[in-house]
Amino acid sequence: MEYTHTLVDLNYLDLIIALSLMLIAAGLYRWYRIGLEVALIIGTVRTFIQLLAVGYVLKFIFDFNRWYLIVLTLLVMIAVATRTVVQRQQRKTKELPYIVGFAITVGSGITLFVITQVIIQIEPWYEPHYLIPLAGMIIGNSLNGSTLAVERLDSEIASRRMEIEAYLALGATARQAALSCIRSAMKAAMIPTINSMMVVGIVSLPGMMTGQILSGTSPFLAVKYQIIIMYMIAFSVAISSFLLTHLRFRRYFTAEHQLREEAFS
Amino acid sequence: MVCRVKFELINVSKIKNGKPILRNINLQFLSGSKYTILGPSGSGKTTLLRLLNRMEEPSSGEILFDGENIKNIPVTKLRKKVGMVFQIPVVFEGTVEDNLLVPYSIKGIPPDKEEIKKALTLSGLKESFLSQRAMDLSVGEKQRLNLARALLNNPEVLLLDEPTSALDYETALTLLDSVNELNRVLGLTIIMVTHQVEHMRILNGSAIYIENGTVLDKKTTQSRALI
């Protein structure tokens, strides 16, 4: 049977109805003096403005449909992701933005290439309806993985300093000495992805799949897309966190496999 | 015994954060001999030790190992020849055996069970310890495990950085006995940092007294060591 469902159009009145539900929610929180009503209202307004703005931006990009604008959009997404990862770190070192940017670009870049050019084979290669939402999901997950990887690597190296020195004293290279910290960081980066792969479809229906089903795509096709996306997210987290941990741990060591005292201060 | 020079320090100085830690040190350590480096805390004893296996670099001067500048020896190779035991023993995750497999995994060679048993015995641990969780050992046993682990690299020199400071009196004495035994049986050069004169006497090696980053002359050393 042909799948004929199409998405119902929404006007601004529909948005206002939804907005009034938010007012009820905020009122409830105010009544119970939970103190979150201001944050709820700010969140409500921000959601409205940010998404509306992004809607216009996407519409412009889709209508303009030039490869350079789409590549520029991807670069902006990577730059914002990089900034977010760096901001969440305690040790914001000079080289951190570069290595984070590199790791996210390579990890997401390879993934995005495979999914759009090899699997879906979009035409033209920069078709923004595919490229931009897929890039958003992949870069977003690389961002989370990278944040966790750097955070864990830094804290592990700081707390296992004596263990690392003991390794070095036995004649280990810097990489051998830091390996257990690198492992632990790569593990921390991947765990949220594994968790979501474990429960996907059982506990939660992923946003993209829900969106596709709502817009009339056959559930089977939506599921196939979702499966590919899940694998691609895991792959991009693996590559990003691998690159990032290997570029990051070096700052703690000299070329002569000594701990760099100043890296800890 | 061939009394060749194992380590030679020529005009070695070390400055850390703008503060001189070691000033113009000239020293010789003979192969197969025992040395105790004494001095008040903060005098530069530990730093001196850490320069020998290049855990740190001198700010100026040269250090020769078997006549060769240590900068010309690959650092991972040097550290296998010059083992180190730290003040606070460091044990890795897993059993005692897992800990003793680490030197092999670093070198990328298959473990030698006989060698492991020998290192264990020389360090004063029984074979039955192998299956025990390393974290559960007493401090003294952990320090012996550190000794055994260092021995598995077949070192020529053993650097000991206040190895007994975390141990009680009796345990410290038996550990020092083991160190003496290593020198006697394996001919290891022993360089030990301590601030306890009694431990220096038990080790019965040459005393080097460091104060404010300089090595005191023999006469002053003798008078300080007698205190």
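The model shown is predicted, which means the values in this text are computed figures rather than measured ones. (Residues numbered from 1 in each chain as written. Chains lettered and ligands numbered in written order. Predicted model: local features only at pLDDT ≥ 70, side-chain atom pairs only at ≥ 80, totals over all residues. Heavy atoms only, no water.)

**Student:** Could you clarify how one ought to interpret the pattern of salt bridges in this entry?
**Tutor:** Think of it this way: side chains of opposite charge can pair up when their charged atoms draw near. Counted according to the given criterion, the structure contains 21 salt bridges over all chains. Ionic pairing is found between Glu163 of chain A and Arg160 of chain A, a salt bridge with its closest N-O pair at 3.2 Å. Of the two residues examined, Glu163 of chain A and Arg160 of chain A, each falls in the buried class. Residues Arg184 of chain B and Glu181 of chain B are paired through a salt bridge, measuring 2.8 Å at the closest nitrogen-oxygen approach. Taken together, the positions of Arg184 of chain B and Glu181 of chain B, both in helix 6 (residues 169-186) and three residues apart, correspond to about one turn of that helix. Under the relative-accessibility criterion, Arg184 of chain B is labelled exposed at 59%. On the basis of relative accessible area, Glu181 of chain B is assigned to the partly exposed category, the value being 33%. Bridged by salt links that share partners, the residues Glu95, Asp154, Arg248 and Arg251 of chain A form one connected network. (Salt bridge = Lys/Arg side-chain N within 4 Å of Asp/Glu carboxyl O. Buried < 20%, exposed > 50% of the residue type's maximum accessible area, 1.4 Å probe, protein only. Helix = DSSP H or I, 4+ residues; strand = E, 2+ residues; numbered from the N terminus.)

**Student:** Where do I start with the environment of Leu22 of chain B in this structure?
**Tutor:** All names here are of chain B. Its location among the elements puts Leu22 in strand 2 (residues 19-30). By relative accessible area, which is 1% here, Leu22 ends up buried. The spatial distance from the C-alpha of Leu22 to the C-alpha of Thr214 is 6.2 Å, given a sequence separation of 192 residues. Filtering out sequence-adjacent residues up to four positions away, Leu22 remains in contact with Val12, Ser13, Lys14, Gly44, Thr47, Leu48, Leu51 and Gly213. (Contact = heavy atoms within 4.5 Å.)

**Student:** Help me understand helix 8 (residues 207-214) of chain A in this model?
**Tutor:** Residues that lie three or four places apart on an α-helix share one face, since the helix turns once every 3.6 residues. All names here are of chain A. Among the residues of helix 8, those classed as buried are Met208, Met209 and Gln212. Taken end-on, helix 8 shows its buried residues confined to a sector of 100°, consistent with a single buried face. Across helix 8 from its buried face, at more than 90 degrees, point the exposed residues Gly207 and Leu214. Buried positions along helix 8 lie against helix 5 (128-159) and helix 9 (219-248). A positive phi of about 105° marks Gly216, the residue just after helix 8. (Arc of directions from axis to C-beta.)

**Student:** Explain the side chain of Asp161 of chain B here, please?
**Tutor:** Residue and element names in this part refer to chain B. In this fold, Asp161 is placed in strand 7 (residues 157-161). Summary of buried charges: Asp161 has no salt-bridge partner, and the nearest side chain of opposite charge, Arg50, is 6.2 Å away. Look past the residues within four positions of Asp161 in its chain and what remains in contact with it is Thr46, Leu49, Val85, Phe86, Gln87 and Val193. (Lys, Arg positive; Asp, Glu negative; His and termini not counted.)

**Student:** Teacher, can you tell me more about the interface of chain B and chain A here?
**Tutor:** Often the size quoted for an interface is simply the accessible area lost on bringing the parts together. Contact with chain B, which involves 23 residues of that partner, is made by 15 residues of chain A. Between chain B and chain A, the buried area comes to about 1700 Å², and carbon and sulfur atoms account for 60% of it. Where chain B packs against chain A, one counts two salt bridges. For the pair chain B and chain A, the interface holds eight residue pairs in polar contact (both at pLDDT 80 or more). Taken together, the elements giving at least two residues each to the side of chain B that touches chain A come down to helix 2 (75-81), strand 6 (82-85), helix 3 (96-107) and helix 5 (139-151) of chain B. Residues of the side of chain B that touches chain A, tallied by class, amount to 12 nonpolar, four polar and seven charged. (Buried area = accessible area lost by both parts, 1.4 Å probe. Polar contact = N/O pair within 3.5 Å; in protein donor to acceptor, adjacent residues only side chain to side chain. Nonpolar A, V, L, I, M, F, W, Y, C, P; charged D, E, K, R; others polar.)

**Student:** I keep staring at the domain arrangement of chain A and nothing clicks. Help me out?
**Tutor:** All names here are of chain A. You can read the domains of chain A as domain 1 (1-64) and domain 2 (66-264). Opposite the nine residues of domain 1 that make contact, domain 2 presents 15 residues. Approximately 1000 Å² of surface area, both sides summed, lies buried where domain 1 meets domain 2, with 74% of it carried by carbon and sulfur atoms. Where domain 1 packs against domain 2, one counts zero salt bridges. Remark: the boundary between domain 1 and domain 2 carries one residue pair in polar contact (both at pLDDT 80 or more). Broken down by class, the residue content of the side of domain 1 that touches domain 2 amounts to seven nonpolar, two polar and no charged. (Domains from an automatic or database assignment.)

**Student:** Hey, could you run me through the side chain of Asn99 of chain B in this one?
**Tutor:** Residues and elements named next belong to chain B. Tracing the backbone shows Asn99 in helix 3. Assessed through its relative accessible area of 0%, Asn99 is described here as buried. In this structure the side chain of Asn99 is engaged in a polar contact, spanning 3.0 Å, whose partner is the backbone oxygen of Thr95. When residues no more than four places from it in sequence are discounted, the contact partners of Asn99 are Val91, Phe92, Glu93, Gly94, Ala134, Leu145 and Arg149.

**Student:** Before we go on, may I ask you to explain empty space enclosed by the protein in this structure?
**Tutor:** Where empty space is left can be seen by rolling a probe of water-molecule size over the atoms. Applying the stated criterion across every chain yields a total of one cavity of 30 Å³ or more. Here the largest cavity is characterised by a volume of approximately 40 Å³. When contributions to the lining of the largest cavity are tallied by element, the ones reaching two or more residues are helix 6 (161-169) of chain A together with helix 5 of chain B. It is helix 5 of chain B that contributes the most residues to the lining of the largest cavity, three residues altogether. (1 Å grid on protein atoms, 1.4 Å probe; cavity = no way out; pocket = protein on both sides within 12 Å on 5 of 7 lines; lining within 4 Å. Points joined across faces, edges and corners; volume = space filled by probe spheres on them.)

**Student:** What's the story with the environment of Pro128 of chain A in this structure? I'm lost.
**Tutor:** Residue and element names in this part refer to chain A. Tracing the chain through its elements places Pro128 in helix 5. Of the residues examined, Pro128 reaches a relative accessible area of 0% and is grouped as buried. Not counting residues up to four positions away in its chain, the partners in contact with Pro128 are Ile61, Phe62, Asn65, Ile70 and Pro133.

**Student:** Help me understand the sheet that holds strand 2 of chain B in this model?
**Tutor:** Within a sheet, adjacent strands bond to each other through the backbone by hydrogen bonds, running parallel or antiparallel. All names here are of chain B. Here four strands make up an open sheet; going across it, the order is 2-1-4-5 and the pairing antiparallel. Of all the strands in the sheet, the pair left with one neighbour each is strand 2 and strand 5 (68-69). Relative to strand 5, strand 4 (residues 60-65) runs antiparallel, the two sharing two bridges. The residue bridging Phe65 from the neighbouring strand is Glu68, located in strand 5. (Pairing = 2+ DSSP bridges.)

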